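Structural characterization, general
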Amino acid sequence: MIERWNRDQVLALAPDAPSQKAAQGVSSPGKWSGAGVTADAVWGECKGSGSKPYRACVDLTEPAYKCTCPSRKFPCKHALGLLLLWSAGGVPDAAEPADWTAEWLDQRRARAAASVSARAQRSDPAPDPKRAGQREQRVAAGLAELERWLADQVRQGLAGARRHDQWDGLVKRLVDAQAPGVAGTVSRLGSVLAAEDWPARLLGEYSLLHLLLTAHRRAVPDGTPDALGAGLRQTVRTRIGFPVAKEEVLAGETVRDRWDVLGRRDEEQDRLTTRRVWLRGRTTGRAALVLAFAPAGQALDASLVTGTTMDADLAFYPGSAPLRALVAERHGAVSAGAPPGSSLEEALTEVAAALAGDPWLDSWPLVLDRAAPMRDGGWLLGGPDGGLPLHPSAGVPWRLLAVSGGHPLTVAAEWTPRGLLPLAAWNEEGLVVL
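Residues numbered from 1 in each chain as written. Predicted model: local features only at pLDDT ≥ 70, side-chain atom pairs only at ≥ 80, totals over all residues. Heavy atoms only, no water.

One way to say it: the disulfide is the covalent bond shared by the sulfur atoms of two cysteines. In this structure the tally under the stated criterion is 0 disulfides. As a non-bridged cysteine, Cys-57 has Cys-67 as the owner of its nearest cysteine sulfur, 8.3 Å distant. In this structure Cys-67 is not part of a disulfide, and its nearest cysteine sulfur, from Cys-69, lies 3.6 Å away. (Disulfide = S-S within 2.5 Å.)

So, on to the nonpolar core. The nonpolar side chains of soluble globular proteins are, as a tendency, buried together. One finds Leu-323, Trp-364, Leu-366, Leu-381, Val-411 and Leu-420 to be the most contacted residues of the largest nonpolar core, which totals 34 residues. Excluding its chain neighbours within four sequence positions, the residues that come into contact with Leu-381 are Leu-368, Ala-371, Ala-372, Pro-373, Met-374, Gly-387, Leu-388, Leu-390, Leu-400, Val-411 and Leu-420. (Core = buried A, V, L, I, M, F, W, Y, C linked by side-chain atoms within 4.5 Å. Buried < 20%, exposed > 50% of the residue type's maximum accessible area, 1.4 Å probe, protein only. Contact = heavy atoms within 4.5 Å.)

What follows covers a negative patch on the surface. The grouping of Glu-345, Glu-346, Asp-369 and Asp-385 at the surface amounts to a negative patch. Relative to the helices and strands, Glu-345 is located in helix α11 (residues 344–357). Judged by its relative accessible area of 64%, Glu-345 is exposed. (Patch = residues over 30% accessible without salt bridge, like charges linked within 9 Å, V, L, I, M, F, W, Y side chains within 5 Å. Areas by Shrake-Rupley, 256 points an atom, 1.4 Å probe, with all protein chains shown as cover. Salt bridge = Lys/Arg side-chain N within 4 Å of Asp/Glu carboxyl O. Lys, Arg positive; Asp, Glu negative; His and termini not counted. Charge placed at Lys NZ, Arg CZ, Asp CG, Glu CD. Helix = DSSP H or I, 4+ residues; strand = E, 2+ residues; numbered from the N terminus.)

Spatially, β1-β2-β3-β4 is the arrangement adopted by the 4 strands of the open sheet, whose pairing is antiparallel. With partners counted over all chains shown, the strands left at the sheet margins are β1 (32–37) and β4 (64–67), one partner each. Taking the axes of each pair of neighbouring strands and ignoring which way they run, one obtains an average angle of 10° across the sheet. Note that β1 and strand β2 (residues 41–46) share 4 bridges and pair antiparallel. Within the sheet, the bridge partner assigned to Trp-32 lies in β2 and is Cys-46. Strands in contact with helix α3 (residues 77–87) are β1, β2, β3 (54–59) and β4; relative to β3, the strand with the most contacts, it is inclined by about 65°. (Pairing = 2+ DSSP bridges. Axes fitted to C-alpha atoms, helices over the stretch in contact; angles between N-to-C directions.)

Among the secondary structure elements, Ser-27 is positioned in the loop between α2 (17–25) and β1. Accessibility expressed as a relative area gives 17% for Ser-27, which makes it buried. Of the polar contacts made by the side chain of Ser-27, one reaches the backbone oxygen of Gln-24; its length is 2.9 Å. Those residues in contact with Ser-27 that sit more than four places away from it in its chain are Trp-32, Gly-81, Leu-84 and Leu-85. (Polar contact = N/O pair within 3.5 Å; in protein donor to acceptor, adjacent residues only side chain to side chain.)

Going from Glu-62 to Pro-63, the amide bond is cis rather than trans, its omega being -5°. Here Pro-63 shows up in the loop between β3 and β4. The amide bond that connects Phe-74 to the next residue, Pro-75, takes the cis arrangement and shows omega of -5°. Take Pro-75: it is sitting in the loop between β4 and α3. A positive phi angle, close to 65°, is found at Gln-178, a residue other than glycine. Considering the arrangement of structural elements, one finds Gln-178 in the loop between α6 (164–176) and α7 (180–187). Since its relative accessible area comes to 27%, Gln-178 is described here as partly exposed.

To continue, consider the sheet that holds strand β14 (residues 419–427). The 6 strands are arranged β12-β11-β10-β13-β14-β15 in an open sheet whose pairing can be described as antiparallel. Single-partner strands in this sheet number two, and they are β12 (386–389) and β15 (430–433). Strand-to-strand twist across the sheet, computed as the mean angle between neighbouring axes with direction ignored, equals 50°. Its contacts with the sheet place α11 against β10 (364–376), β12 and β13 (409–416), and it is angled at close to 130° to β10.

Note: strand β6 (residues 272–281) against strand β7 (residues 287–295), 9 bridges, orientation antiparallel. Its bridge partner being in β7, Arg-280 is matched across the sheet by Ala-287. Hairpin remark: β6 followed by β7, antiparallel, with 5 residues in the connecting loop; positive phi at Gly-285, about 75°.

For α11, which comprises 14 residues, the first-to-last C-alpha distance of 20 Å matches the rise-based estimate of 20 Å (1.5 Å per residue) to within 8%. For α11, the set of buried residues is Leu-344, Ala-347, Val-351, Ala-354 and Gly-357. Down the axis of α11, the smallest arc covering the buried residues is 150°, so these residues share one side. Pointing more than 90 degrees away from the buried face of α11 are the exposed residues Glu-345, Thr-349, Ala-353 and Ala-356. Taken together, the buried residues of α11 touch α9 (230–240), β10, β12 and β13. (Expected span 1.5 Å × (residues − 1). Arc of directions from axis to C-beta.)

So far we have only geometry, and geometry alone does not tell us how the molecule works.
What follows is the structure, encoded as structure tokens:
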């Protein structure tokens with residue numbers, strides 16, 4: 001039986017604040033009829049404005065959602081309201097799902113089995129050597145221009161860095177050179193200028209770009225691809241913008257474990273929303289990042305619920321410090337409680353090892369044991385042996401302060417070079433989504 005989610009976990013699935021409010025409006029028992037829950041699904045019929053009620057059901061193992069309402073939001077308010085009702089203990093247990101729910105679940109299982117079978121039989125065509133060679137030449141030319149530009153910036157000084165027009169033209173040329181990863185890095189340089197210590201931070205960003213360009217030159221001298229080693233070479237190419245096909249990742253080795261979903265964070269840039277979901281394996285101790293993308297305003301994948309644990313196979317993208325992963329196959333959800341945490345020293349050692357493999361890393365998931373927010377000039381998260389600063393965007397961590405009550409607890413956070421971004425916390429009463 002899947003452990004019942006709490007209110008925080010359910011509301012965290014909502015695509016926006018209005019959906020959260022609307023879901024609470026349809027979560028009362030009087031709105032629902034024919035509701036039930038089994039080990040892997042919950043369903044019910046919600047009274048709406050029409051003559052027929054809306055039928056909503058949730059596959060709890062994924063999770064996945066279905067509702068007969070016309071809403072374009074995902075999950076809709078009825079699916080969320082049903083989950084809120086379930087989280088409050090308002091849905092009775094059932095021996096079997098309703099017929100219409102069972103039919104949907106069977107269809108999902110059949111599609112999943114067909115997808116696994118098709119993936120095993122698929123044979124991807126080999127890339128065109130001529131086109132690949134042409135792209136290598138374009139990328140090399142674009143990176144050579146970027147290297148000259150960086151040299152000019154250092155020689156002329158940082159005073160002229162506030163002219164955004166110089167970056168805009170460079171970004172377009174890097175996109176034309178088919179180096180989208182580097183182009184994205186350059187396009188984000190403008191955000192550094194808002195900080196008080198922008199000269200130091202900007203110089204640091206320039207240094208990382210220079211390191212990437214140098215590594216790229218060493219990775220492909222005279223056609224010798226292993227000058228840096230296969231892992232670091234792949235990391236460098238990924239940072240520049242050479243894609244790795246999803247099919248290629250799924251065809252590689254997988255890692256099976258019980259993966260704790262530590263939390264997620266959404267970012268919007270250039271009318272594209274990116275969802276970052278952080279996982280950690282209970283047995284392997286491996287960190288994983290699952291990404292989802294959608295145009296601004298459209299639904300993002302909501303299948304990974306913060307605070308849950310799933311038995312699954314993950315396929316990792318190649319690199320010197322593999323982090324990004326795909327969920328290759330799920331074997332079911334498990335009830336495991338709070339994830340195991342580490343001390344501050346162990347967390348710092350882990351981050352140092354990750355940066356040694358990938359110097360351009362800008363985030364990493366941590367689970368700190370017996371940690372609490374504290375004030376020492378700025379806000380920190382840690383214990384008697386010290387703490388790590390919180391990210392400036394976190395502000396005053398009121399919710400974390402309230403949850404801890406001054407006492408240590410288990411906290412999942414996203415490490416960044418500028419500080420920690422709290423994701424979730426576990427106290428004696430259970431999970432709190434931050």
